[in-house]
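# Understanding the architecture of this molecule
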Amino acid sequence: MKEYLKKVRQWLSALSFKTGVAVAAICVVCYILSFLQMFLPVSVAVKGVLWVIFFGLAKACQYTALIILGKAGIERIRHMLRSR
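Summary of the structure given here. (Residues numbered from 1 in each chain as written. Predicted model: local features only at pLDDT ≥ 70, side-chain atom pairs only at ≥ 80, totals over all residues. Heavy atoms only, no water.)

### Overview of the packing of aromatic side chains
To keep it simple, the criterion reads: Only Phe, Tyr and Trp rings take part, Trp by its six-membered ring, and two of them pair if their centres are within 6.5 Å. Stacked means planes under 30 degrees apart, edge-to-face means over 60, and tilted covers everything else. To qualify as a helix, a DSSP run of H or I must reach at least 4 residues; to qualify as a strand, a run of E must reach at least 2; elements of each kind are numbered from the N terminus. Partly exposed residues are those whose accessible area sits between 20% and 50% of the maximum for their type, while under 20% is buried and over 50% is exposed, using a 1.4 Å probe and protein chains only. For a ring to carry a charge above it, either NZ of a lysine or CZ of an arginine must fall within 6 Å of the ring centroid while also lying within 35 degrees of the normal to the ring plane.
With the rule as written, the count across this model stands at three aromatic pairs. Taking 4.7 Å as the distance between ring centres and 10° as the angle between the ring planes, the aromatic pair formed by tryptophan 51 and phenylalanine 55 counts as stacked. With tryptophan 51 and phenylalanine 55 both in helix 3 (residues 44–83) and four residues apart, this pair spans about one turn of that helix. What makes tryptophan 51 partly exposed here is its relative accessible area of 29%. Aromatic ring contacts, followed pair by pair, group Tyr31, Phe35, Trp51 and Phe55 into a single cluster. We note arginine 76 situated over the ring of phenylalanine 17; from NZ or CZ to the ring centre the distance is 3.9 Å.

What follows is the structure, encoded as structure tokens:
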């Protein structure tokens with residue numbers, strides 16, 4: 001199992017910077033959806049299930065984006081945000 005996880009991590013690390021930014025954008029959308037669904041006129045149970053699904057997707061995308069971007073990618077994003 002550890003070998004498989006290492007291979008997946010290496011594969012994700014080989015993806016491009018733009019892919020990492022796209023996954024991070026999907027992460028933000030999932031976070032927004034996880035909280036906006038509370039305004040839907042559905043039962044509390046459905047709201048709870050939707051929150052778990054969207055929040056879980058957001059966390060999965062967050063960690064995936066971190067693996068794809070790595071330290072250099074995060075520094076690149078910070079530099080771009082500071083220059084604006």
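### Here we look at helix 2 (residues 17–36)
Inclusion rule: Take the residue count of a helix, subtract one, and multiply by 1.5 Å to get its expected span. Directions from the helix axis toward the C-beta atoms define the arc. By definition in these notes, contact holds between two residues if any of their heavy atoms fall within 4.5 Å.
Between the first and last C-alpha of helix 2 there are 29 Å, a value that for 20 residues agrees with the 28 Å anticipated at 1.5 Å per step. Within the span of helix 2, buried status applies to Phe17, Gly20, Val23, Cys27, Cys30 and Ser34. For helix 2, the angular spread of buried residues about the axis comes to 135°, placing them on one side. Buried residues along helix 2 sit in contact with helix 3.

### Side note on the state of the cysteines
Selection rule: Only a pair of cysteine sulfur atoms within 2.5 Å counts as a disulfide in this structure description.
Under the counting rule described, the total for this entry stands at zero disulfides. Free cysteine cysteine 27: the closest other cysteine sulfur is in cysteine 61, separated by 6.1 Å. Since its relative accessible area comes to 8%, cysteine 27 is described here as buried. With no disulfide of its own, cysteine 61 has cysteine 30 as its nearest cysteine by sulfur position, at a separation of 4.9 Å. Assessed through its relative accessible area of 15%, cysteine 61 is described here as buried.

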